[in-house]
Amino acid sequence: MTSPLGKDLLGLERLTAEQITLILDTAEPLKEISERAIKKVPTLRGATIVNLFFEASTRTRISFEFAEKRMSADTVNVATAGSSVTKGETLVDTARNLEAMKIDMVVIRHGSSGAAQFLADRIESNVINAGDGTHEHPTQGLLDLLTLRQRWGTLKGKKVCICGDVLHSRVARSNIWGLQKMGAQVAVCGPRSLLPNAISEMGVTVFDRIEPAIEWADALNVLRLQLERMQAGYIPSLREYNRVFGVTSERLKRAREDILILHPGPMNRGVEIDSDVADGPHSVILDQVTNGVAVRMAVLYLLSGNSPRLAEAAAGGT
Amino acid sequence: MSPSQSVVLTARALERTLSRMADEIVEQNDGTEGLILVGIQRRGVQVAQRLAAVIATREGVEVPRGALDITLYRDDLQTVGPRPVVGRTEIPLTIDGMTVVIVDDVLFTGRTVRAALNELADFGRPSRVRLAVVIDRGGRELPIQPDVVGKHVEAERGDRVDVFVQEIDGRDEVILDTGKRA
């Protein structure tokens, strides 16, 4: 028995357009479940899911937990932020311990790129990458795709510009791969210090100024500027960043009338995005949050076909 | 059509059958008061639509309709291989205190209806739930019986009974296929 997605969801880079479409098509009807009086379906009854967060997260962890609970899975949260044990040892040990407790799926967030893959190679359970270092954040990419597809009907030929700290952003990477596979044109915009050197090899257009990017785009995905970046010398100051690259309502006057504004959160209002834009008519930021739960439910559902232990139990009582 | 296939209902016969079923639904409910038709995805939804259309012409009343997709409530999800496609569930209004008629094309093991009853319970507490099916092919694995039946068909386990509807299949017809019989 194989899931059409395989055992794990590690990133969008290795998914096909068909697989991405399957996830989005599955997420669409699942949104209704969150509207019900009883927000729960019995699909993952008896499945145990461990949310293994080695890095702080509010939104993603809560979104995964809602998704898991609305599918009736049993969930355990393990937060190990601040652990001083080195990466390799921790993960191998953790993996062995988890397997010994008969779990079915692991949702992992980790500061090291490749951590989800590392875990997936060593355990039988399904592994879902909830963000690994600066590599990928596939469910965020998927919920962005779903949000845009809902507004546009299709992603083909649409122009999306990812703005800000692309260099450190796993959201950017998942978005670039996902959007390109779905036929969209992708651009990036930000200070050169926050763009990867080889960014044009990913087949994206590069804008050095925000104004032409805004005029070009059907949608802007505004990334969070991590405040640590200023201390590390990537940008001179937050105020200057806002003055040059901030998405403001003044600048949006030159955008197409129906431009969409996305932000993966949490926002730094007044830095990468102004409040009146974040709360304005172009913003689909709260749609993203709603869609996040549905996309994660879809991923859980589609991957759950590949749980050896559940399959064995079910085979006994057809 | 292959020699193993036979027509159970032609388009005309299906139309007559649906009219009678609609009458029976209204008769059992003693009118259309508090009635809601809920079709099971996919073809049950079309059947419910047809029944509602008949009721609308006969009674002059638009009976509310809904759709249930029971995929997430199936009891065989872990054994069916690749995840089945999930369809839309739409229950337009509260079903508390209503008479819900679950509508499906073919009744076989009863497992789909079991799933539909469970899903319905997550939307509220109807005062009464009835079951209307176009074809009852026997072979029940659960204690579930229909209240309104279009036609009984003697089918063996490996046989197929397919209800085709214009909206999805481009034609109205019910076909029995006994091709897998030894």
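Use the structure listed above.
Residues numbered from 1 in each chain as written. Chains lettered and ligands numbered in written order. Predicted model: local features only at pLDDT ≥ 70, side-chain atom pairs only at ≥ 80, totals over all residues. Heavy atoms only, no water.

Caption draft 1: Spatial organisation of the pattern of salt bridges. All names here are of chain B. Inspection of every chain in the model, using the stated rule, returns 31 salt bridges over all chains. Its salt-bridge partner being Asp172, residue Arg50 comes within 2.9 Å of it at the nearest N-O pair. Of this pair, Arg50 sits in helix H2 (residues 43-59) while Asp172 sits in the loop between helix H4 (166-169) and strand E8 (173-177); the two residues are 122 residues apart in sequence, bridging distant segments of the chain. A salt bridge links Glu141 to Arg111; the shortest N-O distance between them is 2.7 Å. Of this pair, Glu141 sits in the loop between strand E5 (128-136) and strand E6 (148-152) while Arg111 is found in helix H3 (residues 111-121), placing the two residues 30 residues apart along the sequence. Counted as one network, the salt bridges with shared partners bring together Asp75, Arg111, Glu141 and Arg157. (Salt bridge = Lys/Arg side-chain N within 4 Å of Asp/Glu carboxyl O. Helix = DSSP H or I, 4+ residues; strand = E, 2+ residues; numbered from the N terminus.)

Caption draft 2: Just helix H12 (residues 285-303) of chain A, in detail. For H12 of chain A, spanning 19 residues, the distance from its first C-alpha to its last is 27 Å, which sits close to the expected 27 Å at 1.5 Å a residue. Most of H12 of chain A sits inside the fold, with 15 of its 19 residues counted as buried. (Expected span 1.5 Å × (residues − 1). Buried < 20%, exposed > 50% of the residue type's maximum accessible area, 1.4 Å probe, protein only.)

Caption draft 3: Broad picture of the packing of helix H1 (residues 17-30) of chain A against H12 of chain A. All names here are of chain A. Where H1 contacts H12, the two axes come as close as 8 Å, and the packing angle between them is 115°. Both H1 and H12 take part in a crossing whose hand is right-handed. Only Ala294, Val295, Met297, Ala298, Val299, Tyr301 and Leu302 of H12 make contact with H1, whose side of the interface consists of Leu22, Ile23, Thr26, Ala27 and Leu30. Of the residues in the contact of H1 with H12, the class split is 11 nonpolar, one polar and no charged. (Axes fitted to C-alpha atoms, helices over the stretch in contact; angles between N-to-C directions. Left-handed = near helix turned anticlockwise from the far one by under 90°. Contact = heavy atoms within 4.5 Å. Nonpolar A, V, L, I, M, F, W, Y, C, P; charged D, E, K, R; others polar.)

Caption draft 4: Representation of the interface of chain A and chain B within the structure. Opposite the 25 residues of chain A that make contact, chain B presents 18 residues. Together chain A and chain B conceal approximately 1,800 Å² of surface at their shared face, both sides included; 62% is due to carbon and sulfur atoms. In this structure, the connection of chain A to chain B is made through one salt bridge. The shortest N-O distance in the salt bridge between Glu119 of chain B and Arg36 of chain A comes to 2.8 Å. Counting every contact that joins chain A to chain B gives six residue pairs in polar contact (both at pLDDT 80 or more). Looking at the side of chain A that touches chain B, the elements with two or more residues in it are H1, H12 and helix H13 (308-316) of chain A. For the side of chain A that touches chain B, the class distribution of residues is 15 nonpolar, six polar and four charged. (Buried area = accessible area lost by both parts, 1.4 Å probe. Polar contact = N/O pair within 3.5 Å; in protein donor to acceptor, adjacent residues only side chain to side chain.)

Caption draft 5: Main features of the sheet that holds strand E2 (residues 74-79) of chain A. Residues and elements named next belong to chain A. In space, the four strands of this open sheet follow the order E2-E1-E3-E4, with parallel pairing throughout. What marks the edges here is a single partner per strand, and that holds for E2 and strand E4 (126-132). The mean angle between the axes of side-by-side strands here comes to 15°, regardless of whether they run parallel or antiparallel. Bridge count between strand E3 (residues 105-110) and E4: five bridges; the pairing is parallel. Across the sheet, residue Met105 finds its bridge partner in E4, namely Asn126. (Pairing = 2+ DSSP bridges.)

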